[in-house]
Amino acid sequence: MSEPRPFWNPLVAGVALGLVLLASFLVTGHGLGASGLFTRLTAGLAALVAPLEAAANSYLGGLVKAGALGGWITWEVLGLVLGALAGSLFGRRFRIGIERGSGVAPGNRLAWAFAGGALVGFGSRLARGCTSGLGLSGGATLAVAAFVFLIAFFAAGFATMALVRRSWQ
Amino acid sequence: MTLPLGDSGAVLALILGFFFGLVLEGAGFGSPRKLVAQFTLRDFAVFKVMMTAVVVAATGLWLLEAIGLIGSGALYVPTLFFWSIAGGGVLIGAGFAMGGYCPGTSAAGLASGRIDALAFIVGMLAGIGVFALLFDGLRPFYNAAQGAPRQTLDQLLGLPVPVILIVLAAAAVGGFLLARRLEGRFGGPLTSAQVLADGGPSRGAKLSAQPRS
């Protein structure tokens, strides 16, 4: 297999991300996001599995009635997936597999990924946004909420990593 | 012309998302080991990219407002609800260290072939479902300690926006300098060859320390 192209310099990637974020504000009036799509996916799945309960749910019901996937964020995240796919193919970095530490069994890595995902999903609804929609986009508007979020995010990341480090080695 | 355009159509959403995904993957943020290496101090790419992006976008928005291209109050600014936003931040930070992604980077990880990103996404859907089921009971906590609506740092601190921007830029520069001192000590930033070594992520490649040049 051919050698992967290197990742971008973080300063270059940061400036590029800032410009994309700025463009998003100029076009839409808001920034970029991601977790909103997963909320809509949950609403859509709930509507398939248990339509009555989903429509009656106090959190997801509104999305279920409005059509779960009919929002701006659906197209934006579809674009994100296509952009990341194009970048990984062009950069020869596309690989199908389970990324994990050498001492971690694939099943264990998937279990950690699921558990971490569950915390992130729950947390993104509690915080009303994620690293993109609240941290990055809110940060660009200098919102106090974004910096409270980012401080909590980084503090918990360091603290948790001290406990779960072996799951990556 | 006044900005923002207020366009919420599919075409521009796809284009903006495309470049968002291109940058995330290009920065290495499809790789969970690259992402979590931030929290072992080995690789500051997460901090560097986020802080740089915030400074660039915030400076651009301030300039465009100052010359009158963006009407004041035209942009979406989130409102603080202290406990739920701090609590959500803690859960996302913890879940990121355990699972290796956040929502946007999990989509980038899946798009670059990672099956563990799919497991993370299924976990997110489960977590959101649990939140929805518990929402009525969580509501008091969810709405507690509301801050001033749409409050920004300059309003909170009573400082002009350029001062805030300079402080944030200084924090970003500080992060870059700190990274230069620390990253090498813990093995150095992860390269694309390292996270994809030995035929791909599925082989569980060992992340050898990179010789310092």
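Residues numbered from 1 in each chain as written. Chains lettered and ligands numbered in written order. Predicted model: local features only at pLDDT ≥ 70, side-chain atom pairs only at ≥ 80, totals over all residues.

### A closer look at the overall build of chain B
Across its full length, chain B holds nine helices and zero strands. Helices (α) and strands (β) of chain B occur, in sequence order from the N terminus, as α-α-α-α-α-α-α-α-α. For chain B, with 213 residues in total, the buried portion stands at 50%. For chain B, long-range pairs separated by at least 24 residues make up 67% of all intrachain contacts whose partners lie at least 6 apart in sequence. (Helix = DSSP H or I, 4+ residues; strand = E, 2+ residues; numbered from the N terminus. Buried ≥ 20, exposed ≤ 12 C-beta atoms within 10 Å, placed from the backbone. Contact = placed C-beta atoms within 7 Å.)

### Concerning the overall build of chain A
Counting its regular elements, chain A contains eight helices and zero strands. The linear arrangement of helices and strands in chain A, starting from the amino end, is α-α-α-α-α-α-α-α. Each of the 169 residues in chain A was classed as buried or not, and the buried ones make up 62%. For chain A, the proportion of contacts with a sequence separation of at least 24, taken over those separated by at least 6, is 55%.

### What about the packing of helix H5 (residues 103–111) of chain B against helix H6 (residues 115–142) of chain B?
All names here are of chain B. Running from N to C, H5 and H6 point in directions that differ by 145°, and their axes come no closer than 8 Å. Between H5 and H6 the crossing geometry is left-handed. Here Pro103, Ser106, Gly109 and Leu110 of H5 come into contact with H6, specifically with Ala117, Leu118, Phe120, Ile121 and Met124. Grouping the amino acids of the contact of H5 with H6 by side-chain chemistry returns seven nonpolar, two polar and no charged. (Axes fitted to C-alpha atoms, helices over the stretch in contact; angles between N-to-C directions. Left-handed = near helix turned anticlockwise from the far one by under 90°. Nonpolar A, V, L, I, M, F, W, Y, C, P; charged D, E, K, R; others polar.)

### Thoughts on the interface of chain B and chain A
Each partner contributes to the interface: chain B provides 116 residues, whereas chain A provides 116 residues. Of all the secondary structure elements, the ones that give two or more residues to the side of chain B that touches chain A are helix H1 (10–26), helix H2 (32–36), helix H3 (45–66), helix H4 (82–99), H5, H6, helix H7 (153–157) and helix H9 (192–195) of chain B. Among the elements that make up the side of chain B that touches chain A, the one with the highest residue count is H6 of chain B (19 residues). The residue makeup of the side of chain B that touches chain A, split by class, is 72 nonpolar, 35 polar and nine charged.

### A closer look at the nonpolar core
One finds Leu21 and Phe149 of chain A together with Val23 of chain B to be the most contacted residues of the largest nonpolar core, which totals 121 residues. With 13 residues, the single largest contributor to this core is H3 of chain B. When sequence neighbours within four positions are dropped, the list of residues in contact with Leu21 of chain A reads Gly31, Leu32, Leu136, Ser137 and Ala140 of chain A together with Ala53 and Ala57 of chain B. (Core = buried A, V, L, I, M, F, W, Y, C linked by C-beta atoms within 7 Å.)

### Describing the domain arrangement of chain B
As far as domains go, chain B holds domain 1 (28–79 + 160–195) and domain 2 (81–147). Its C-alpha centre places domain 1 of chain B at a distance of 21 Å from the equivalent point of domain 2 of chain B. (Domains from an automatic or database assignment.)

### Re the domain arrangement of chain A
Residue and element names in this part refer to chain A. What the domain assignment lists for chain A is domain 1 (1–96) and domain 2 (100–169). For domain 1 and domain 2, the distance between their C-alpha centres works out to 16 Å. The interface is formed by eleven residues belonging to domain 1 together with ten residues belonging to domain 2. Among the elements that take part in the side of domain 1 that touches domain 2, helix H2 (residues 35–49) stands out by supplying four residues, more than any other. Its residues assigned to classes, the side of domain 1 that touches domain 2 comprises five nonpolar, six polar and no charged.

### Looking at helix H5 (residues 72–90) of chain A
Given 3.6 residues to a turn, an α-helix orients residues that are three or four positions apart in the same direction. Its 19 residues give H5 of chain A an end-to-end C-alpha distance of 27 Å, which sits within 8% of 27 Å, the value for a rise of 1.5 Å per residue. Count one or two residues on from H5 of chain A and you reach Arg92 of chain A, which has phi positive near 55°. (Expected span 1.5 Å × (residues − 1).)

### Structural notes on the environment of Leu150 of chain A
Residues and elements named next belong to chain A. With respect to the element layout, Leu150 can be found in helix H8 (residues 144–164). In the structure, Leu150 is positioned 19 residues away from Thr131 in sequence and 7.7 Å away in space, judged by C-alpha atoms. Once residues within four sequence positions are removed from consideration, Leu150 is found in contact with Gly135 and Gly139.

### As for the packing of helix H1 (residues 10–28) of chain A against H1 of chain B
Where H1 of chain A contacts H1 of chain B, the axes come no closer than 9 Å and their chain directions differ by 165°. Viewed along their axes, H1 of chain A and H1 of chain B adopt a mutual orientation that is roughly antiparallel. Judged by the sense of rotation from one axis to the other, the crossing of H1 of chain A with H1 of chain B is left-handed. Between H1 of chain A, through Ala13, Ala16, Leu17, Val20, Ala23, Ser24 and Val27 of chain A, and H1 of chain B, the contact on the second element is made entirely by Leu12, Leu16, Phe19, Phe20, Val23 and Gly26 of chain B. (Parallel < 35°, antiparallel > 145°, perpendicular 65-115°, else oblique.)

### Overview of the confidence of the model for chain B
When the pLDDT values of chain B are averaged, the result is 92; 92% of them are 70 or greater. Across the assembled chains, the prediction reports ipTM 0.97 with pTM 0.94. (pLDDT = per-residue confidence, 0-100.)

### Quick notes on H6 of chain B
Counted at 1.5 Å a residue, the expected span for H6 of chain B with its 28 residues is 40 Å, but the 33 Å between its end C-alpha atoms falls short. Residue Phe135 of chain B marks the point of greatest curvature in H6 of chain B, where the axis turns by about 80°. (Bend = angle between axes of the 7 residues up to and from the residue.)

### Some details on unusual backbone geometry
Between Leu3 of chain B and the following residue, Pro4 of chain B, the backbone shows a cis peptide bond with an omega angle of -5°. Take Pro4 of chain B: it is sitting in the segment before H1. A positive phi is found at Leu142 of chain A, a non-glycine position, where the angle reads about 65°. Checked against the element boundaries, Leu142 of chain A lands in the loop between helix H7 (131–140) and H8. Even without glycine at this site, Ala145 of chain B takes up a positive phi of about 50°. Within the secondary structure, Ala145 of chain B is located in the loop between H6 and H7.

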